[in-house]
Amino acid sequence: MATPAEARVDLGAIRYNVALLKERAGGAELMGAVKADAYGHGLVPAAKAVLEGGASRLGTAFVREALALREAGVTAPVLAWLLTPGEPLERALLADVELSASSVGLLDEIAAAARATGRTAGVHLEADSGMGRGGAPPTAWPGLLARAMELRAEGVIEVVGLWSHFACSDIPRHPAIEQQLETFETALKLAEQAGAAGSHVIRHLANSAAILDVPAARFDLVRPGIAMYGLSPIPELGDFGLRPAMTLVAKVALVKRVPEGSGVSYGHLYVTDHETTLGLIPLGYADGILRHATGRAEVLAGGRRRKIAGRVCMDQFVIDMGDDPLSPGDEVVLFGPGDQGEPTAQEWADTLGTITHEIVTRIGSRVPRVY
Ligand SMILES: *Cc1c(COP(=O)(O)O)cnc(C)c1O
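Everything numeric here is computed off the predicted structure, so don't read it as measured data.

What follows deals with the nonpolar core. By size, the foremost hydrophobic cluster in this structure holds 124 residues, and its most contacted members are Leu99, Leu125, Phe317, Leu334, Phe335 and Trp348. Two domains share this core, each providing at least three of its residues, namely domain 1 (56-223) and domain 2 (246-370).

Next comes the structure, spelled out in structure tokens:
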């Protein structure tokens, strides 16, 4: 390792997980969610592995992310689903990026970009079936459909997809799951009546949790994210046979012997209770090691788990080795698949009261991804 730390990404694990999800999706097409730098795994290499694993499409939040895929030579269909007024939609259309619209205003912006470029925009219409975030609510859905039909007649847009997103699919048997399925079915019926749901139109609803736990939500296409990276979308139901793709390692920067009663790191929250060996680890909250991990999270060092001793700083934290040996340059593992006894991202998430999505996406840009 030439850098103080690195995130090792097992692309084989991503391919394996995508193939497993494809099997579980029962014939539905897969759109791999590669937003946020592929959940911190590195946009382009991860996206290529996702396609090799059997996904036929990719999804990003922002237009910029979709354009980055195109610039890297990725030619598979890409949908950007979170538009904000004033985005480079002309560039998106020229790069053959599909766009999602949740409002008549955004649809009109897409249409204007289509007229300006002479391209027909591939549009996915988003219904809010109960997520209460993006999407047109039921009251606005008929108006969105009507506008889409006008713009399609003008030849500036094509309706490629009709979609929605779950709020509670990671909470088994939550009543909102059934309610959202019903609301989405109603939205699809209205789209049919409006003439916006031809046989080529792709209906999609399921994220990772729904792929694995809500078979009725598969429709024509599913949108896995976290599960492709090997992390369970419903930890209480187990790991579903997924393989974690990321291992975060760091090299010990400094080792020193200190006497009993030595305060460690900002605020002296940790004080040694005997003479001991401290190891300095060159990763901090600027790299996504949450400050909240202070005194809580564990790493694997010298074959054993060690709790972070004292405050996590911006660039570094300390571990207490006791009388066990440690040398500068030794590797410590923060999290990985767990095969060597290292903590998993799931353990970090549980310890810090968050979800694995946040653990992996927060790993900062100073940490190189190595494949
Ligand atoms: C992030 C995201 C997904 C994937 O969600 P996971 O829970 O990670 O599987 C799917 N669809 C949309 C719209 C998303 O924003």
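Let's pick the thread back up.
With phi around 50°, Ala36 is a residue other than glycine that occupies positive phi space. On the basis of relative accessible area, Ala36 is assigned to the partly exposed category, the value being 39%. For Arg173, which is not glycine, the phi torsion reads 65° and is therefore positive. Accessibility expressed as a relative area gives 75% for Arg173, which makes it exposed.

As far as domains go, the protein chain holds domain 1 (56-223) and domain 2 (246-370). Put simply, the middle of domain 1 and the middle of domain 2, counted by C-alpha atoms, are 41 Å apart.

Contact pair helix 6 (residues 104-117) / helix 7 (residues 141-154): the axes reach a minimum separation of 10 Å and the direction vectors enclose 10°. When the axis of helix 6 is compared with that of helix 7, the two are roughly parallel. Here Val104, Leu107, Asp108, Ala111 and Arg115 of helix 6 come into contact with helix 7, specifically with Gly143, Leu144, Arg147, Ala148, Leu151 and Glu154. The class makeup of the residues in the contact of helix 6 with helix 7 is 6 nonpolar, 1 polar and 4 charged.

Another aspect to go through is the packing of aromatic side chains. Under the criterion given, the structure shown has 4 aromatic pairs. Judged by centre distance (6.3 Å) and plane angle (65°), the ring pair of Phe335 and Trp348 falls under edge-to-face. Linking Phe335 in strand 18 (residues 331-335) with Trp348 in helix 10 (residues 345-352), this pair joins segments that are 13 residues apart in sequence. You can call Phe335 buried: its relative accessible area is 2%. A cation over a ring is seen here: Arg243 above Tyr16, with NZ or CZ 4.2 Å from the ring centre.

The next thing to look at is the site of the ligand. Taken together, 14 residues are adjacent to the ligand, and Lys35, Tyr39, Ser208, Arg223 and Ile226 come closest. At a separation of 3.4 Å, an oxygen atom of the ligand approaches a polar side-chain atom of Trp81. At 2.5 Å from an oxygen atom of the ligand is found a side-chain nitrogen or oxygen belonging to Ser208. Notes on the ligand: free accessible area 390 Å², of which the protein chains cover 92%.

With that settled, the discussion passes to the environment of Met31. Inspection of the secondary structure assignment puts Met31 in strand 2 (residues 29-33). Met31 gets classed as buried once you look at its relative accessible area, which sits at 1%. Once the C-alpha coordinates of Met31 and Thr60 are considered, the two residues, 29 residues apart in sequence, prove to be 9.7 Å apart. Setting aside its immediate chain neighbours within four residues, Met31 contacts Arg57, Leu58, Gly59, Leu79, Trp81, His124, His204, Leu221, Val222, Arg223 and Pro224.

With that out of the way, let us pick up the packing of helix 3 (residues 43-52) against helix 4 (residues 63-71). Between two packed helices, what matters for the description is the angle formed by their axes and the separation of those axes. Running from N to C, helix 3 and helix 4 point in directions that differ by 75°, and their axes come no closer than 10 Å. In terms of their interaxial angle, helix 3 and helix 4 are classed as roughly perpendicular. On helix 4, the residues that touch Leu43, Val44 and Ala47 of helix 3 are Glu65, Ala68 and Leu69. Class assignment for the residues of the contact of helix 3 with helix 4 results in 5 nonpolar, no polar and 1 charged.

Taken as a whole, this structure holds 19 salt bridges when the rule is applied. Residue Asp287 is joined to Arg366 by a salt bridge in which the shortest nitrogen-to-oxygen separation is 3.0 Å. Residue Asp287 is located in the loop between strand 14 (276-281) and strand 15 (298-301), and its partner Arg366 is located in the loop between helix 11 (356-361) and strand 19 (369-370); the two are separated by 79 residues in the primary sequence. What makes Asp287 buried here is its relative accessible area of 3%.

The next point concerns helix 3. Those residues of helix 3 lying buried are Leu43, Ala46, Ala47, Ala49 and Val50. Seen along its axis, helix 3 keeps its buried residues to an arc of 160°; they face one direction. Residues of helix 3 that are buried in the fold lie against helix 1 (11-24), strand 2, helix 2 (35-40), strand 3 (57-60) and helix 4. Positive backbone phi, approximately 125°, marks Gly54, located one or two places after helix 3.

What follows concerns helix 10. Every buried residue of helix 10 is accounted for by Ala345, Gln346, Trp348, Ala349 and Leu352. Down the axis of helix 10, the buried side of the element spans an arc of 160°, and every buried residue falls inside it.

In this section: the side chain of Arg306. One can find Arg306 in strand 16 (residues 304-309). For Arg306, a relative accessible area of 4% puts it in the buried group. From its side chain, Arg306 meets the backbone oxygen of Ala301 in a polar contact 3.1 Å long. Ignoring anything within four residues of it in the chain, the contact list for Arg306 reads Ala297, Glu298, Val299, Ala301, Ile319, Asp320, Met321 and Asp324.

Conventions used here
Residues numbered from 1 in each chain as written. Predicted model: local features only at pLDDT ≥ 70, side-chain atom pairs only at ≥ 80, totals over all residues. Heavy atoms only, no water. Core = buried A, V, L, I, M, F, W, Y, C linked by side-chain atoms within 4.5 Å. Buried < 20%, exposed > 50% of the residue type's maximum accessible area, 1.4 Å probe, protein only. Domains from an automatic or database assignment. Axes fitted to C-alpha atoms, helices over the stretch in contact; angles between N-to-C directions. Helix = DSSP H or I, 4+ residues; strand = E, 2+ residues; numbered from the N terminus. Parallel < 35°, antiparallel > 145°, perpendicular 65-115°, else oblique. Contact = heavy atoms within 4.5 Å. Nonpolar A, V, L, I, M, F, W, Y, C, P; charged D, E, K, R; others polar. Phe/Tyr/Trp six-rings, centres within 6.5 Å; stacked < 30°, edge-to-face > 60°. Lys NZ or Arg CZ within 6 Å of the ring centre and 35° of its normal. Near = heavy atom within 4 Å. Polar contact = N/O pair within 3.5 Å; in protein donor to acceptor, adjacent residues only side chain to side chain. Areas by Shrake-Rupley, 256 points an atom, 1.4 Å probe, with all protein chains shown as cover. Salt bridge = Lys/Arg side-chain N within 4 Å of Asp/Glu carboxyl O. Arc of directions from axis to C-beta.

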